[in-house]
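Now for the letters of each chain:
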Amino acid sequence: MSNLSCGIVGLPNVGKSTLFNALTRKAAAAANYPFCTIDPNIGIVEVTDPRLQALSTISHSKKIVSATMTFVDIAGLVKGASEGQGLGNQFLSNIRETDAILHVVRCFTDDDVIHVAGKVDPLADIEIINTELILADLQMIDNILSKMERQAKGKKDLQETVDLLKRVKTYLDQGHCLRTYVCSKQERDLLASYPFLTQKKVLYVANVDEESLPSMHNHFVSQVEAYAAKEGSFVIPICSKLEEEMAQLSPEEANEFLHTLGLQETGLDRLIKASFSLLNLITYITTGEIETRAWTISKGTSACEAAGKIHSDIQKGFIRAEIVSYDDMVACQGRARAKELGKARSEGKEYIVQDGDVILFFHNL
């Protein structure tokens, strides 16, 4: 869970590398021509969480360790990528290795920034990318079926898988992404064992220009929102150019600049939060004199499993978890006072950890 990654995809010249630069404050090339990004740029980004500083102050921690996310700037896909056009095969394998997709869509007009198709059309752009991912999945299904159909003769469990893959192939042939395929949990779990590109969760990043501030909205964004709603995906409007400029400022200067524009939060903070939500992630916190640290886990993780994020020995020797909510920890100014006031709970292995739980694990060595 510590190496979660989101692949940033989109057609050439939609603002992917500009967004990546802002996310990571790295100088990835952002040039006005296709295939500027050939090898994927990778950046690890700290997740802004004011709770850590507050707890660190209470605990007099020597350091703060934030949760992180990995962002991969994947080269601009073009029509025909699934057949190797552009640098298609390489791009598709880069996407396959990520946990989720951030699909950057150009939602601004600018005569100085060429569009690979000659005009700005967000829905057409989305369809080109999705079609290439669908075609790549169809190739994969054909390869799997050609082997599995021979193996399935006389094996009922394999035949059920073959039948499912054939239904999935029909669905893909109709131009649909697998993330919208309705099936049972058992079937979904089975499909999850295959690295299909179109079953990855997607967050559409609508890249707007500065004229769309502070609302972050225009008729292009409306089109993307309507499209995303049909497949149960979300849209984050962001002005990549503005974010890249703010990334060069100090936090104080950036905050002041934000407020002059009528904005409360950076687009990058909104994007990282949305990415966490997209992947159903939460953080729990440990705090003490040595460090205050955020630990990333999936929603629904038990206390025992959460202990394993720190060290497998803590999970093996788990006795109990002492839980104080973040709000109670701050109100009581520490664990000792929280215990005095009955705000510290003792929980067992099966307790489901909640976002912001401040946890002390007790275990056998």
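This one's a predicted model, so the numbers in the text were calculated from it and none came from an experiment.

A. Molecular detail of the packing of helix α4 (residues 122–151) against helix α5 (residues 156–173). Interhelical geometry of α4 versus α5 gives an angle of 155° and a closest axis separation of 10 Å. It follows that α4 is roughly antiparallel to α5 by the angle criterion. Relative to α5, α4 is oriented so that their crossing is left-handed. For the pair formed by α4 and α5, the contact residues are Ile134, Asp137, Leu138, Ile141, Asp142, Ile144, Leu145, Met148, Glu149 and Gln151 on the first element and Leu158, Thr161, Val162, Leu165, Lys166, Val168, Lys169, Leu172 and Asp173 on the second.

B. Main features of the sheet that holds strand β6 (residues 201–207). Pairing in this open sheet of 6 strands is mixed, and the strands run β2-β4-β1-β5-β6-β7 from one edge to the other. Each edge of the open sheet carries a strand with a single partner, namely β2 (41–46) and β7 (234–238). Adjacent strand axes in the sheet meet at a mean angle of 25° when their direction is disregarded. Note: strand β1 (residues 5–9) against strand β5 (residues 100–106), 4 bridges, orientation parallel. Residue Gly7 lies in a different strand from β5, and its bridge partner there is Ile101.

C. Seen up close, the pattern of salt bridges. Within the structure shown, the criterion is met by 14 salt bridges. Across the pair Asp49 and Arg51 runs a salt bridge, and its minimum N-O distance is 2.9 Å. Arg51 matches Asp49 in its accessibility class, with the two residues each being buried. Salt bridges sharing common partners tie together Asp49, Arg51 and Asp355.

D. The arrangement of the environment of Leu55 in detail. Residue position: Leu55 is located in helix α2 (residues 50–59). Given the relative accessible area of 0%, Leu55 is considered buried. When the C-alpha atoms of Leu55 and Thr292 are compared, they prove to be 6.9 Å apart, with 237 residues separating the residues in sequence. The residues contacting Leu55, other than those within four sequence positions of it, are Ile285, Thr287, Thr292, Tyr326, Met329 and Val358.

E. Inspection of the packing of aromatic side chains at higher detail. Taken as a whole and judged by the stated rule, the model has 6 aromatic pairs. Relative to Trp295, the ring of Tyr284 has its centre 6.4 Å away and its plane inclined at 20°; by these criteria the two rings are stacked. Of this pair, Tyr284 sits in strand β8 (residues 281–287) while Trp295 sits in strand β9 (residues 291–298), and the two are 11 residues apart along the sequence. The same class applies to Tyr284 and to Trp295, which are both buried. One aromatic cluster in this structure is built from Tyr284, Trp295, Phe318 and Phe361. We note Arg320 situated over the ring of Phe362; from NZ or CZ to the ring centre the distance is 4.0 Å.

F. Highlighting the pairing of β5. Taken across its 7 residues, β5 has 7 buried, putting it largely inside the fold. Residues Ala100, Leu102, Val104 and Arg106 point to one face of β5 and Ile101, His103 and Val105 to the other, with burial holding for every one of them. Summarising the sheet, β5 and β6 pair through 7 bridges and their orientation is parallel. Bridge pairing links Arg106 to Asn207 in β6.

G. Fine view of unusual backbone geometry. Of note, the bond from Leu213 into Pro214 is cis; its omega dihedral lies within 30 degrees of zero at -5°. Along the polypeptide, Pro214 turns up in the loop between β6 and α7 (219–231). One non-glycine residue, His60, lies in positive phi territory at about 55°. The residue His60 is located in the loop between α2 and β3 (63–65) in this model.

H. Molecular detail of the environment of Phe20. One can find Phe20 in helix α1 (residues 16–24). Taking C-alpha positions, Phe20 is 8.0 Å from Val72, a pair spaced 52 residues apart along the chain.

I. Up close: the nonpolar core. The biggest cluster of nonpolar side chains holds 71 residues, and the ones touching the most others in it are Leu19, Leu23, Phe71 and Tyr204. Take this core: its biggest share by element is 6 residues, from helix α10 (residues 267–278). What Phe71 contacts, discounting residues up to four positions off in sequence, is Cys6, Ile8, Phe20, Leu23, Asn41, Ile42, Gly43, Val45, Leu102, Ile272 and Ser275. Within the second largest apolar cluster, 20 residues are counted, among which are Val168, Leu172, Tyr181 and Tyr194.

About the criteria used
- For every chain, the first residue of its written sequence is number 1, and the numbers climb from 1 along that sequence.
- Totals for whole chains, interfaces and linings use all residues, but because this is a predicted model, local features are given only for residues with pLDDT of at least 70 and pairs of side-chain atoms are given and counted only at 80 or more.
- Excluding hydrogens and water, the side-chain values take into account all heavy atoms of the structure.
- Here an axis means a line fitted to C-alpha atoms, over the contact stretch when the element is a helix, while the angle between two N-to-C directions is reported on a 0 to 180 degree scale.
- Labels follow the DSSP assignment, with helices taken as runs of H or I lasting at least four residues and strands as runs of E lasting at least two, numbered in each case from the N terminus.
- Note that the term roughly parallel is reserved for angles under 35 degrees, roughly antiparallel for angles over 145, roughly perpendicular for angles of 65 to 115, and oblique for everything else.
- Two helices that cross are described as forming a left-handed crossing if the nearer one is turned anticlockwise from the farther one by less than a right angle, and a right-handed crossing if clockwise.
- Contact definition: two residues touch when any of their heavy atoms are within 4.5 Å.
- A pair of strands is labelled paired if DSSP reports no fewer than 2 bridges between them.
- Salt-bridge detection follows one rule: a side-chain nitrogen of Lys or Arg within 4 Å of a carboxyl oxygen of Asp or Glu.
- Only protein chains enter the area calculation, which uses a 1.4 Å probe; residues under 20% of their type maximum are buried, those over 50% are exposed, and those in between are partly exposed.
- Ring pairs are drawn from Phe, Tyr and Trp, using the six-membered ring of Trp, whenever the two centres fall within 6.5 Å, and their geometry is named by plane angle: stacked under 30 degrees, edge-to-face over 60, tilted for the rest.
- Two limits define a charge over a ring: the Lys NZ or Arg CZ must be within 6 Å of the ring centre, and within 35 degrees of the ring normal.
- What makes a nonpolar core is a set of buried Ala, Val, Leu, Ile, Met, Phe, Trp, Tyr and Cys residues whose side-chain atoms join them at distances within 4.5 Å.

Treat this as a map of the structure, not an account of what it does.
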